[in-house]
Amino acid sequence: MTSEAVVSTSPAISSGPPAERNYHFVRSFVAGGVAGCCAKSTIAPLDRIKILLQAQNPHYKHLGVFATLKAVPKKEGFLGLYKGNGAMMVRIFPYGAIQFMAFEKYNKLLGKQFGISEHILRLIAGSMAGLTAVIFTYPLDVIRARLAFQVTGEHRYTGIANAFQTIYLEEGVVSGFYRGLIPTLIGMAPYAGVSFFTFGTLKSLGLKHFPERLGQPSSDNPDVQVLKVHVNLLCGGVAGAIAQTISYPLDVARRRMQLGTVLPDSEKCSSLRKTLKYVYTEFGIKKGLYRGLSLNYIRCIPSQAVAFTTYEFMKQILHLN
């Protein structure tokens, strides 16, 4: 789950006349999308390294995180660190926007229909928002993973359009674009839910017990109290780290299934159960199911920093508070 969704403090979007509600919808879409793009661009090199390590790319599988980070520019040039980022930007804007708006909708709907507690509400609404965003943008994530896995001199796809056409013609819609969707959905539910739950809980506790030390008035609405930037970063980092640890093995399985025929051992990764069993048997827990996890922890802090800062900025200039 991208971090822009978990900072939701917007008012219910049903207030005000229809024109105002529609405008709020557009502003929310833009705020979430921009935050997601800025956050992902910042950590794009680390994302590429993660994909290379997770899928055991033959050129880098013998290296660790930092060694790979040094080896990629030497072999492929500096822009090699950003390979596949174009496809990511095409995906992450609607992903961030859909996730944010879906959370607002689910949060309001579930609260009215079932009257469940605030913490459980965050957990359920966050999980559902993450699932909704994944389903709508998954094909773009597959294309991005395929492009990022390529190494200079061994290109199978020349770009986003070519990857889309090749996958469609050679593998079909379901087998090609939705391969690995099940482990993604299974992994997204706890990841998104725990992220929403952890961040929301830390935020509410901070503003409740230490409003003067941890909070400040929003620049566009002094009546709304928001977390200070450095506190936002800390809460977001903790939420991301906990959620990532829980769901990481499923993320490894997802990447392997997404890459499909690109991998020489793709026939052993045709289902979630087979993929998890193969990775565990062949590589073990540390070097298989949790390979690249240290990189994800390193990604958490800058990703959350940019996402929260950008999102809070966008909320204020777009008058969403």
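Residues numbered from 1 in each chain as written. Predicted model: local features only at pLDDT ≥ 70, side-chain atom pairs only at ≥ 80, totals over all residues. Heavy atoms only, no water.

A. Expanded view of the overall build of the chain. When you go through the chain residue by residue, the secondary structure sums to 13 helices and two strands. Taken against the 2.2 N^0.38 rule, which gives 20 Å for 321 residues, the C-alpha radius of gyration of the chain at 20 Å falls within 12% of a compact globule. The C-alpha extent of the chain, read off along each of the three principal axes, is 55 × 40 × 35 Å. Residue burial in the chain is summarised as follows: out of 321 residues, 54% are buried. Measuring between centres, the 35 positive side-chain charges of the chain sit 5 Å from its 18 negative side-chain charges. (Helix = DSSP H or I, 4+ residues; strand = E, 2+ residues; numbered from the N terminus. Rg over C-alpha atoms; globule rule 2.2 N^0.38 Å. Buried < 20%, exposed > 50% of the residue type's maximum accessible area, 1.4 Å probe, protein only. Lys, Arg positive; Asp, Glu negative; His and termini not counted. Charge placed at Lys NZ, Arg CZ, Asp CG, Glu CD.)

B. How the structure looks around the packing of helix 2 (residues 44–54) against helix 10 (residues 229–259). Where helix 2 meets helix 10, the axes come as close as 9 Å, and the angle between the chain directions of the two elements is 80°. The pairing of helix 2 with helix 10 is recorded here as roughly perpendicular in orientation. Contacts from Lys50, Ile51 and Gln54 in helix 2 reach Tyr248, Asp251, Val252, Arg255 and Arg256 in helix 10. Its residues placed into classes, the contact of helix 2 with helix 10 shows three nonpolar, one polar and four charged. (Axes fitted to C-alpha atoms, helices over the stretch in contact; angles between N-to-C directions. Parallel < 35°, antiparallel > 145°, perpendicular 65-115°, else oblique. Contact = heavy atoms within 4.5 Å. Nonpolar A, V, L, I, M, F, W, Y, C, P; charged D, E, K, R; others polar.)

C. Structural context of the environment of tyrosine 280. Along the chain, tyrosine 280 falls in helix 11 (residues 272–283). Judged by relative accessible area, which is 46%, tyrosine 280 ranks as partly exposed. Here the alpha-carbon distance between tyrosine 280 and tyrosine 290, two residues 10 residues apart in the chain, equals 9.7 Å.

D. Spatial organisation of the packing of helix 4 (residues 85–114) against helix 5 (residues 118–149). Two elements in contact, helix 4 and helix 5, have axes whose closest approach is 7 Å; the angle formed by their N-to-C orientations is 165°. Relative to helix 5, the element helix 4 lies roughly antiparallel. Our pair here, helix 4 against helix 5, has a crossing hand that is right-handed. (Left-handed = near helix turned anticlockwise from the far one by under 90°.)

E. Layout of the UniProt feature "repeat: Solcar" (unreviewed entry) in the chain. Here the UniProt feature "repeat: Solcar" (unreviewed entry) sits at residues 23–109, 117–205 and 227–317. As a span, residues 117–205 carries 83% helix and 0% strand, and end to end its C-alpha atoms are 15 Å apart. (UniProt positions renumbered as here; feature names shortened; annotations may be inferred.)

F. Looking closely at the packing of aromatic side chains. For the coordinates displayed, the defined rule picks out seven aromatic pairs. Ring centres 5.9 Å apart and planes at 50° place the aromatic pair phenylalanine 78 and tyrosine 82 in the tilted group. Here the aromatic rings of phenylalanine 103 and phenylalanine 196 are separated by 4.1 Å at their centres, their planes lie at 25°, and the arrangement is stacked. Remark: phenylalanine 196 occurs in helix 8 (residues 181–209) and phenylalanine 103 occurs in helix 4; sequence separation between them is 93 residues. Residue placement shows arginine 91 over the ring face of tyrosine 95; its charged tip is 4.5 Å from the ring centre. (Phe/Tyr/Trp six-rings, centres within 6.5 Å; stacked < 30°, edge-to-face > 60°. Lys NZ or Arg CZ within 6 Å of the ring centre and 35° of its normal.)

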